[in-house]
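# Tertiary structure, described
Chain by chain, the residues:
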Amino acid sequence: MKYTGITQTRNTESKDSLKVDAGKGNSEQFPIVGMGASAGGLEALEQFFTNMPADSGMAFVVIQHLDPDHKGILRELIQRVTKMQVLTVTDRLKIRQDCVYIIPPNKSMSILNGVLHLFVPVETRGLRLPIDFFFRSLADDRREKSIGIVFSGMGSDGSMGLKAIKEQQGMALVQDPANAKFDSMPRNAMEKVVPDVVAPANELPDKLAAITGQVHRVAVKQELEKDTSALEKIFILLRTQTGHDFSQYKKNTVYRRIERRMSIHQIGKISSYVRFLQENPSEVGILFKELLIGVTSFFRDVAVWEEMKNKAIPPMFARMPTGYALRAWIPGCSTGEEAYTLAMVFKEALDADHLSRNLSLQIFATDLDNNAIEKARKGLFPETIANEMSPTRLDRFFIKTGNNYHLTSEIREMVVFAPQNVIRDPPFTKLDIISCRNLLIYLDAELQKKLLSLFHYSLIPGGLLLLGSAESNGAQSGLFTAIDSKLRIYQRSGSSRTDDLHDFPSSFSHSNTAPMKHQNPASLPNNLQTLTDQLLLHKFSPASLLVTGQGDILYITGSTGKYLEPAVGKANMNLYAMAREGLHNELPAAFRKALLSYEKVILRNIRVEINGGAQFVDVTIQQLEKPMALKGKILLIFSDLPPVELKASKKKRLKSTDHTVHPAIELELELKRLTEELQSTHEEMQTSQEELRSANEELQSTNEELQSTNEEMTTSKEEMQSLNEELHTVNAELQSKIEDFSRVNNDMNNLLNSIDIATLFLDKNLKIRQFTVPATKIFKLIQSDVGRLYTDQVSELDYPDMERDAREVLRSLVFVEKNIPTHDGRWFSIRIMPYRTLEDKIEGLVITFIDVTKSKQLENALLEYQGMLRALIHAVPGVILGLSSEGLIIEFNPEAEKLFGCSKDDVMGKKYVDIFIPEESRKKVAANMKQLLTGTLPDRYENNVKTLNGNSFKIEWSAQKLTDDNGKLTGIILIGINISNQ
């Protein structure tokens, strides 16, 4: 199926004619299909091109991970399964329709104006992403006519490039991971974008044809504009299932997305697609994700961020007080790259500011897509982001974990992600920065105007608004002042018009919740012992705690409010966090001591600060050994002490109604206790310091070694992964070669066996390498004889010099051919020849045995017949001459020798008429000879002859013609009698 409106121009030009000047544009806008594959991708590519028509009107560019030193045969393998012309790319090669282009090894490739350009890769082996590199350039060059397909492979190469193609309204196809030998690349691509098609490799050609040729965009747009009811129904279905209203999106954007989904499902009518949405809720979800259009990447439009860092943000620092926390909002944040980019730019701008004012930035990033928000919160990105930022930023703001990069906590903590519908939900306020670069372009003009008013309302005076390169705030020019209109950076000015905000909620609404009703207490137990135990436990037992070895509180007995209080912040039921002042410093050391044994540890006279007063308390700490359920748990018991009485002999008693202790006694007790604790702590600290110092040195050394090892392992892992992909590619090509060689080997075996010629293949040591089936009739060979000396085999041949002749052929490289008999009467024509490889190396011998038994028998019979014939000729008393059809003498018997006075050897092969016929009679005799051949002359006739001595005779001849098996005349036999004396 051809692409609509494209005239097919099958490339019949030579390679040289395909080269063009790089500066010339290409007006042909046919679709170009970029095809990315890695390990295991050869089989998928063969399946694809086997099912792809040769006249699709598209061009195909195959990008594969290849070993830099490997001479690839991918072109030959693909050419075998397709009628399209397959070319290995050379620099500045112009793309033509219905052709396949293969990237050469150790090259990166880009496209500009339909011309392919090759680059020497600057990345290391493990970091090369040639598929992403080409897909990005393809998206920029062909835009909506760019098509990307990701096949089997390891890693994530291709996912970012496929996203770039989707951003330009191109098509994204992915091989079904379940059908791929290695599903890493297809799965990463599916996580990064919503592919238009996911199918096995052999089904992708039909899907591709359906996408590119089924529905005309203009026709769909016209139908949607005409049938507004169908479009409204689609909006209703989307709102019902997702809760979001797309009726205020730009209609062209909606038309393109609906047209894409219709073409994928090969639906020609908009009413049919509405019915399809009703019957398939999953399609509604896919259309929803298509409409979201998550266009984002790190440092997209580098010039914008450089302007923000160097010129837009620094003036804000100058007017901010020390410790000020700036606030930023990024609506439509997608997977968070833009939010994190702003955080990094802020950090870099803060570092460049020489006045330290302890400023911070809190970023609120929101989006409709919950899945995108979840991905953004993780702060985990693929290794392909290395192409989007400098190595300095990568080292500072990211941590390499496996094949991914994880943002540092410094950046992640600056950003808060939340799902939000900016059209419906309340906005953030008192903001210093708003970055909306991915949203307004998809909304209609009225909604853009309202959102810009909302942004003006949300920003503080002098706040920054950053818009996308394709957006403008011309309708709201009175609200913002341009800092850089080209880069779309604006500053808030003027006052908000409240009439523009009536559709937006100004604050979150709080529902009035009814007070909780007190639940009825549980029924009292009716057992007297239980009642008594509970009474004693609550009224008379000391306050106590049961905690774990880490201090987490498990159970509380009595009132512990004098010793514990909730910590500020998130609820934390830990003893160390809740201990009041006084206990806070004393508990850790005693707790550690209690954990060492099951002995009691008592803290005496601990002063606890209680709401402005003080309480002295003894604390008993003991690790429980029994019962087993509580073994290892810690029990703490608090015992309050009465106020200390001062003796009269000491300082004058202080009159006080609250019985407070004299400061001198308090200090004395406190000093004694602190001295004991200090001594104990000092000893423990000295021991711990020595141990820690030694451990620290060991850990530092180990850490350095591990860090070095980790770096080496990371590099090795990247190289090994790349090498593994290349090896899989080479392995696939070798597997194809093996199949070809196996097929050729089968053909050769069948050929040798079918011609029924016995053949032996020997190596240089005359050991058998291979033999044909007929050879088993000469040598007693079985398959296990391969590798043995052929001279060790029993043979029917009467050929004792065979080994000597074989070694002579190896030495001289001159073949030997002989006819050799066997012991059972057969004859073989044996030919011994050198075995030459394609590199013209001698690797052994080839010996053929052709059965010539019948020929030998015929030859012997013929010799016997010739002997008998000669005997007969000699026995005849007359003159016998044998003449060929040209009149040459071929037989001359003894009587003829006597008559003509010459020997047989003198006349054999000479012309009869020229030797024995007088000159005056030669014409007549020659005519008679012709008559004899035609049968017009009688078999008997007379003529005069002469001898070599000059004597003449009259001879009466009797003639007999000689013919072959086909009746063709071969000669004449003349039998003559001398009649001169009669």
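Located above this text is the structure these notes cover.
Now for a look at the structure at hand.

## Overview of the sheet that holds strand E21 (residues 543-547)
- Overall, antiparallel pairing links the five strands, which are arranged E22-E21-E25-E24-E23 in an open sheet. At either end of the open sheet lies a strand with only one pairing partner, and these are strand E22 (553-557) and strand E23 (601-610). Taking the axes of each pair of neighbouring strands and ignoring which way they run, one obtains an average angle of 25° across the sheet.
- Looking at chain direction, strand E24 (residues 613-623) and strand E25 (residues 634-640) are connected through seven bridges and run antiparallel.

## Focus on the sheet that holds strand E35 (residues 969-978)
- The sheet built from five strands is open, its strands ordered E32-E31-E35-E34-E33 with antiparallel pairing. In this open sheet, the two edge strands, each paired with only one partner strand, are strand E32 (889-892) and strand E33 (940-946). Each strand of the sheet is rotated relative to its neighbour by a mean of 30°, with strand direction disregarded.
- Sheet topology note: the strand E31 (residues 879-884)/E35 ladder contains six bridges and is antiparallel. Each bridged residue has a counterpart across the sheet, and for Ser-884 the counterpart in E35 is Gly-971.

## Details of the packing of helix H10 (residues 270-279) against helix H11 (residues 281-292)
- Close contact between H10 and H11 brings their axes to 5 Å; oriented N to C, the two are set at 110°. Looking at the two axes, H10 sits roughly perpendicular to H11. Taken together, the residues of H11 that come into contact with H10 (itself represented by Tyr-273, Phe-276, Leu-277 and Glu-279) are Pro-281, Glu-283, Val-284 and Leu-287.
- Here the residues of the contact of H10 with H11 sort into six nonpolar, no polar and two charged.

## Details of the packing of aromatic side chains
- A complete count under the given rule lists 25 aromatic pairs for this structure.
- Ring plane angle 70° and centroid distance 5.6 Å describe the contact between Phe-779 and Phe-849, whose orientation is recorded as edge-to-face. Within this pair, whereas Phe-779 is found in the loop between strand E27 (768-771) and helix H23 (802-812), its partner Phe-849 is found in strand E30 (residues 842-851), the two being separated by 70 residues in sequence.
- The interplanar angle of 45° and the centroid separation of 6.3 Å between the aromatic rings of Tyr-912 and Phe-916 together place this pair among those described as tilted. Of this pair, Tyr-912 and Phe-916 both sit in helix H27 (residues 912-916), four residues apart, which is roughly one turn of the helix. With respect to burial, Tyr-912 and Phe-916 carry one shared label: buried.
- The aromatic ring of Phe-30 is capped on one face by Arg-142, whose charged end is 5.0 Å from the ring centroid.

## As for the pairing of strand E29 (residues 827-836)
- Here strand E28 (residues 816-821) pairs with E29 via six bridges, running antiparallel. For Asn-819, the partnering residue across the bridge sits in E29 and is Ser-829.
- Adjacent in sequence and paired antiparallel, E28 and E29 are bridged by five residues, among which Gly-825 carries a positive phi angle near 95°.
- When E29 meets E30, the two strands line up antiparallel, connected through nine bridges. Looking across to E30, one finds that Arg-831 is bridged to Thr-848.
- Connecting E29 to the antiparallel partner E30 that follows it, the hairpin turn spans five residues, and Asp-840 within it adopts a positive phi of roughly 65°.

## Observations regarding the nonpolar core
- Met-308 and Phe-398 are the most contacted members of the largest nonpolar core, which totals 46 residues.
- Beyond its immediate sequence surroundings of up to four residues, Phe-398 is in contact with Phe-298, Met-344, Phe-381, Ile-385, Met-389, Arg-393, Tyr-405, His-406, Leu-407 and Thr-408.
- One finds Met-262, Cys-436, Tyr-442 and Leu-465 within the second-largest nonpolar core, a separate group that totals 44 residues.

## Focus on the environment of Lys-910
- Note on placement: Lys-910 falls in the loop between helix H26 (904-907) and H27.
- Note: C-alpha distance between Lys-910 and Gly-887 (23 residues apart in sequence) is 8.3 Å.
- Apart from residues lying up to four places away in sequence, Lys-910 is in contact with Gly-887, Leu-888, Ile-889 and Ile-915.

What counts, and where the lines are drawn
- Residues numbered from 1 in each chain as written.
- Predicted model: local features only at pLDDT ≥ 70, side-chain atom pairs only at ≥ 80, totals over all residues.
- Heavy atoms only, no water.
- Pairing = 2+ DSSP bridges.
- Helix = DSSP H or I, 4+ residues; strand = E, 2+ residues; numbered from the N terminus.
- Axes fitted to C-alpha atoms, helices over the stretch in contact; angles between N-to-C directions.
- Parallel < 35°, antiparallel > 145°, perpendicular 65-115°, else oblique.
- Contact = heavy atoms within 4.5 Å.
- Nonpolar A, V, L, I, M, F, W, Y, C, P; charged D, E, K, R; others polar.
- Phe/Tyr/Trp six-rings, centres within 6.5 Å; stacked < 30°, edge-to-face > 60°.
- Buried < 20%, exposed > 50% of the residue type's maximum accessible area, 1.4 Å probe, protein only.
- Lys NZ or Arg CZ within 6 Å of the ring centre and 35° of its normal.
- Core = buried A, V, L, I, M, F, W, Y, C linked by side-chain atoms within 4.5 Å.

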